[in-house]
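# Structural overview
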Amino acid sequence: MPGALARPASDAGPALVDVAAAAALPVSDVAARLSTTMSGLSGAEADRRRTVLGANTVSAHRTRAGAVLLRQFRSPLLILLAITAVASCFVGERGSALIIAVILLASVGLGFANEYRAERAADALHSQIRHRCTVRREDRFALVDVIDLVPGDVVELRAGEVVPADVRLVGTTALTCQESILTGEAAAVAKTTDPVAAGAPLAELACCALMGTVVAAGSGRGLVVATGTATEFGRLAVRLGTERPPTEFQLGLRRFSLLLVRVAAVLTAGIFAANLVLHRPVLDALMFSLAIAVGISPQLLPAVVSTSLAAGSRRLARARVLVKRLVCIEDLGDVEVLFTDKTGTLTEGQVRYMRAVGPDGRASDDPLFLGLLCNEAVVEGGHPTDGNPLDVALWEAPAAASLLPRISSCRRRATLPFDHVRRTGAVLVDDQDATPTLILKGAPEQVLDRCTGTSPAVASMIEAESGAGNRVIAVASRTAPGRTELGTDADVGGDLEFRGLLVFADPPKPTARAALDRLHALGVTVKVLTGDHPAVAARVAADLGLPAGRVVTGPDVDAADDARLAELIAGAAVFARVDPVHKARIVAAQRRTGVDVAFLGDGVNDAAALHAADVGISVDSATDVAKDAADVLLLDKDLDVLADGVRHGRRIFANTMKYVLMGTSSNFGNMFSAAGASLFLPFLPMLPSQILLNNLLYDTSQLAIPTDEVDDEQTARPSRWDVAAIRRFMLFFGPLSSLFDFATFAILLWGFHAHATSFRTGWFVESLATQTLIVFAIRTRRTPFFRSRPSLPLTLAVLGVVACGALLPSTPLAGFLGFQPLPGAWVLAIAALTVTYLALIEVAKRVFYRRLPPVPPVRSRRPGHRLHRRAARFTYAGTNGPGQQGHLVHAGGTSVSSLQRGLWARLGPYR
C-alpha cells in the first residue's frame, strides 16, 4: 500500500521503499533502508538486485503470435464466408465448403505471416533504441542503460532527461520537473530535498522525481527507490495501456476501405436480389454474392502495406535510420518542409575551442578560467566525461591543464544551470580569499545587457567573430559579498564587469551541401532553426547554398501575429536566436499553410517543436525528451540519410498505390462482369469457390509488389491518398476489363458453344491472366519493360500465377475445382484476347494520365503555398510582446503543455 514498505530487507535484496514513504523520510533513513550510500552500489550488488527485482521496464515490445492471428479474423466478409462454408457443409455441399475453407486458411495464413514479420521488424527497431543515464557506482560516475537501474542506485538528473525511475532527491540545483504525464499539471514543479508530510498526494512530492516525468531545468541527484512496474508511472501504464492516434497514411487507408465497403455492399445486395428474382437457390445466391464482395476487395492490402513498411524499415535500418512506428515511414515521405537545427546537422558538430579574447580584444586566458569555473561538464581527473559540447570543449582546450591549480583552489557555492530561454548560466564561487564571486556565461546579448561600462568595440568584436562563422560566448563577473545561493535569475542581478569572449569553431559538414541538394531535388524545402547568433547562422546558410534572405530572430517572432509570421516564414530560410516556444510556434505556423512539416532536433529546447511537427526526427545521441518526442531516430546526424528516408517513404506509398489501383480497377471490372453475366446466363458464370480461388491466386502474385522498382518521377514529390482519384481510376479502367470479359463470353458462348463447366474454365483462365498481368502497365506511367523494368520477384510471381491458372484445368484437381481441360484453339483465343487487352490498357493509360496535371518541376528553396489535407491540429496562443511566453492550443480550444501532448504515447524506451 502507498506509504509503506513493500517488503523488509533480506538476503534476497534491499527493502523496497514506496516513493510516497521515501518522500516523508530523511535521506539518511531512505539510504539505510535501501542498503546503499552516496558512493553508489558496486557492480556486483547492482547485478544481484537486478536478478531479484527484474529490469527497469514497464512493458516489453513483444510480438504475440496469437494476437496477430486473431487480428486476421476481423474482416466481416471472411467471417461471413466462414459461416457460409459451415452452412454448405451441413446442406451437403462439402466440396465447396472444403474449397472455401482452404482458401480462407490460405488467405489468413498469408496475412498472418506478413503482419507477424512486420511486427517482428518493429520489435527489432525498438530493441535498438536506448536511453542512458549517469549513475554513481563504486564512487565513480558511469553511463548506464536505464533498464539496468536498480533501487539503491545514485543517479544524476539533467535538463532534457526523462526521469528513469522513482527517485528520492538528495541534491538539487534550480531543479524543476514537468510532471503533467502523471499529475495533469502543465507548469513545471520546483524540486527540493526537504521531506514532505506523510500521506502527501503525488503532486506534492517536491523532494522526489518520478519516472516518466521530464527534467525541465536545472540538475539534481537522487536515490532510486523504485523501478519498473513498482513506480507510479509503471502502475499507471499497467492500468491504462496506450493507443496512438492514426497517422495520415492510416486515415487514407481507412477512407479507401470505406469506398470499397460501399461498392461491395451495392454489388452484393444487387446480385443477391437479382438471383433471388431469377429463382436461384438461396444458398448459391448468398455464396455467389459474398464471393463477389470478397473478390472486389483487395483482401491482402494490409499484408502488402505491412510487407512494404517492414521492407522499408529494414532498408532504413541499414542506412542507420530507426523508425519508432512503421507507419511513420510513409509520413516521412510526405515531408515538404524540413526545419532543422544547425549544430551537428549542417555543421560538423565537433565544437572546438579556438581562443579567448579579453575586453580589449587581445588574447587572454582569463575568460577561459572563468568559463571553466562556470561549467556544467562532468569532469573526472581533469577530463570531461559528459556535458554540453561547449563546456566539454573548454576542458579539452590545451590551456585548461595549466589552469587546474587555480581552479582547484576555488570552491563552488551554488550554480544556476544554463537555460535555453535565458541563454545564460551562472555560478557562485569562493576564490583564494574566500570572497564570493558571481560568474555569468552565455549568449553575448544576454550577458552584455547585465554589464556596465562596456566599450562599443565589444559589439564590433562579436560581429566580426560571428560573421566569420564562429560561435561566441561572453563571460562576465562581479564580487557578491554575503551571497550564498543562486535560486533564480533575479539573484544574478546586474552591474557585472565584462571579462571577455570565448570563441569556438564548428564549420559546415563537407557532405551537408550535397544532402541539401538531394532534399531539394525531392521537393523538400530546408529551413534552419537555431539559438545561435544571426550572423553565425547566416554565414553557415550561405556556405551551404541556402537561399539568401532575411534572418528572422526571436524578437521578430514575438512581435509578429500569426498572419505576419506566415509572411516571415515564406520569405526566410534561417531563424536565429529562437527559444523553444519560438520553434514550436514557427513549426505550427508552417503547418497551417497546408504543407507537411518535419523537424529535426536533439535538445530539450527542441521537444516542443518535435511535437508540433507532422514528423519529429531526432538522433540517437539526443536528450531523452527529444528522443521520446521523435517519430524517427537517426543513428548518424546526417541529412543525407534523412533524404534516403524521404525517398523510401515515397517508394512505399508508390508501391502501395500500385496494388490499390490495379486491384480496384481489374477486380471491379471482373466482378462487375460476373454480376452482369449472372443475370443473363442460365448458370452462374463462375462458382463461388472459383471466384475465391481466382482472388487468392491473384493476391498471392501481388505480395511481391513491395519489392518492385519505382520510377524517379514517383518519388520526386509527396503523394497522398486521393479517394476521388482512385474512384476515377476504377471507373475508367474497370469497364475496359469488363469489355474484354464480355468479349470472352461472346467467343466462348457463340464461337465455341461452351457449356457451364467449359465456360467457367475459359473465363477463369482469361480473367486471372488479364487482372494479374495488368500490374506491368499499372505500375508505371512509362512503357513497361523498355523504359521501366519491374523487379525480378514481381515478374516471376506474376508469370508464375498466370501459368498456374492456365495449367490448373489440366491437373488432377480440375474436376474437384469444377474445371475441365481447354482445347488448343480456346487457349489461343484467350491468349489473343489477353494481348489485345494489355495493348489497349497501354493506350488507355496514356489517355487517362494526359488528363491529369504533369509532375510539377522542382521548386526553388523558397516554400510553396500549395494547400492539401488537414488544417493544423495545434495553433499558438499567447502574447506577442518581446520575451513573453505563449503556449500551444489544440484546435478544440484546450490548452496543453507541448511536452505533455503525446509524451505518454511516445515513451517507447520505457515500455
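Criteria and thresholds
Residues numbered from 1 in each chain as written. Predicted model: local features only at pLDDT ≥ 70, side-chain atom pairs only at ≥ 80, totals over all residues. Heavy atoms only, no water. Helix = DSSP H or I, 4+ residues; strand = E, 2+ residues; numbered from the N terminus. Buried < 20%, exposed > 50% of the residue type's maximum accessible area, 1.4 Å probe, protein only. Contact = heavy atoms within 4.5 Å. Areas by Shrake-Rupley, 256 points an atom, 1.4 Å probe, with all protein chains shown as cover. pLDDT = per-residue confidence, 0-100. Axes fitted to C-alpha atoms, helices over the stretch in contact; angles between N-to-C directions. Left-handed = near helix turned anticlockwise from the far one by under 90°. Nonpolar A, V, L, I, M, F, W, Y, C, P; charged D, E, K, R; others polar. Pairing = 2+ DSSP bridges. Polar contact = N/O pair within 3.5 Å; in protein donor to acceptor, adjacent residues only side chain to side chain. Salt bridge = Lys/Arg side-chain N within 4 Å of Asp/Glu carboxyl O. Phe/Tyr/Trp six-rings, centres within 6.5 Å; stacked < 30°, edge-to-face > 60°.

### Some remarks on the overall build of the chain
Within the chain, the secondary structure is distributed over 34 helices and 28 strands. Counting across all 911 residues of the chain, residues that qualify as buried make up 57%. Sequence separation of at least 24 residues holds for 75% of the intrachain contacts in the chain that already meet a minimum separation of 6. Carbon together with sulfur atoms contributes 60% to the accessible area of the chain, which is approximately 35600 Å² in total.

### Looking at the confidence of the model for the chain
With 83% of its residues at a pLDDT of 70 or more, the chain has an overall mean of 79. Counted against residues more than four places away or in other chains, residues 1–13, with its pLDDT under 50, gives 24 contacts. Low confidence marks residues 855–911, where pLDDT is under 50. Its contacts with residues over four positions away, or in another chain, come to 173 contacts.

### Considerations on the environment of Pro 367
Residue placement: Pro 367 occurs in helix α13 (residues 366–373). With 134 residues separating them along the chain, Pro 367 and Leu 501 place their C-alpha atoms 6.3 Å apart. With residues near it in sequence (within four places) discarded, Pro 367 still touches Ala 356, Val 357, Val 475, Arg 499, Gly 500, Leu 501 and Leu 502.

### A few points about the packing of α13 against helix α15 (residues 400–408)
Two quantities define a packed helix pair, namely the angle between the axes and the distance from one axis to the other. One way to put it is that α13 packs onto α15 with a least axis distance of 10 Å and a crossing angle of 65°. As for how α13 packs across α15, the hand of that crossing is right-handed. The residues of α15 that touch α13, namely those facing Leu 368, Phe 369, Leu 372 and Leu 373, are Ala 400, Leu 403, Arg 406 and Ile 407. Within the contact of α13 with α15, the residues separate by chemical class into seven nonpolar, no polar and one charged.

### Some remarks on the sheet that holds strand β25 (residues 632–634)
Strand pairing in a sheet relies on backbone hydrogen bonds, with the paired strands running either antiparallel or parallel. As summarised here, the arrangement of the eight strands in space is β10-β25-β24-β23-β11-β20-β22-β21, forming an open sheet in which the pairing is mixed. Pairing within the sheet leaves two strands with one partner each, and these edge strands are β10 (321–323) and β21 (551–553). Across the sheet, the mean angle from the axis of one strand to that of its neighbour is 20°, orientation sign disregarded. Of the strand pairs in this sheet, β10 and β25 are connected by three bridges, and their pairing is antiparallel. Bridge pairing links Val 321 to Leu 634 in β25. Against the sheet, helix α25 (residues 639–680) contacts β10, β11 (337–340), β23 (597–600), β24 (615–619) and β25, and its axis sits at roughly 155° relative to β11.

### Here we look at unusual backbone geometry
The phi dihedral of Asp 139 is positive, around 65°, even though this residue is not glycine. Inspection of the secondary structure assignment puts Asp 139 in the loop between β3 (132–137) and β4 (140–145). On the accessibility criterion, Asp 139 (42% relative accessible area) is partly exposed. Backbone geometry at Arg 577 places phi at a positive 55°, although glycine is not the residue there. Using a relative accessible area of 10% as the deciding quantity, one classes Arg 577 as buried.

### Thoughts on the side chain of Asn 56
By secondary structure assignment, the location of Asn 56 is in the loop between α3 (43–53) and α4 (65–71). Of the residues examined, Asn 56 reaches a relative accessible area of 0% and is grouped as buried. Looking at Asn 56, its side chain comes within polar contact range of the main-chain oxygen of Pro 164, at 2.8 Å. Aside from chain neighbours lying at most four places away, what touches Asn 56 is Val 146, Ile 147, Leu 149, Pro 164, Ala 165, Met 211, Thr 227 and Gly 228.

### Things to note about the pattern of salt bridges
Overall, the coordinates contain 33 salt bridges when judged by the stated rule. Put simply, Asp 391 and Lys 441 hold a salt bridge, and the shortest N to O gap is 2.5 Å. Note that Asp 391 is positioned in helix α14 (residues 389–395) and Lys 441 in strand β17 (residues 436–442), a separation of 50 residues in sequence. When sorted by exposure, Asp 391 lands in the same class as Lys 441, which is buried. The partner of Asp 708 in a salt bridge is Arg 779, and the shortest N-O contact between them spans 2.6 Å. Within this pair, whereas Asp 708 is found in the loop between α26 (688–702) and α27 (712–715), its partner Arg 779 is found in the loop between α30 (775–778) and α31 (792–807), the two being separated by 71 residues in sequence. Assigned by exposure class, Asp 708 and Arg 779 land together as buried. Through salt bridges with shared partners, a single ionic network connects Glu 45, Arg 48 and Arg 49.

### Some words on the packing of aromatic side chains
Taken as a whole, this structure holds 16 aromatic pairs when the rule is applied. Note on Phe 745 and Phe 759: the rings are 5.2 Å apart at their centroids and 35° apart in plane angle, and the pair reads as tilted. A residue pair is termed long-range when its members are at least 10 positions apart, and Phe 745 in helix α28 (residues 723–751) and Phe 759 in helix α29 (residues 756–773) qualify at 14 residues. For the pair formed by Phe 745 and Phe 759, the shared burial category is buried.

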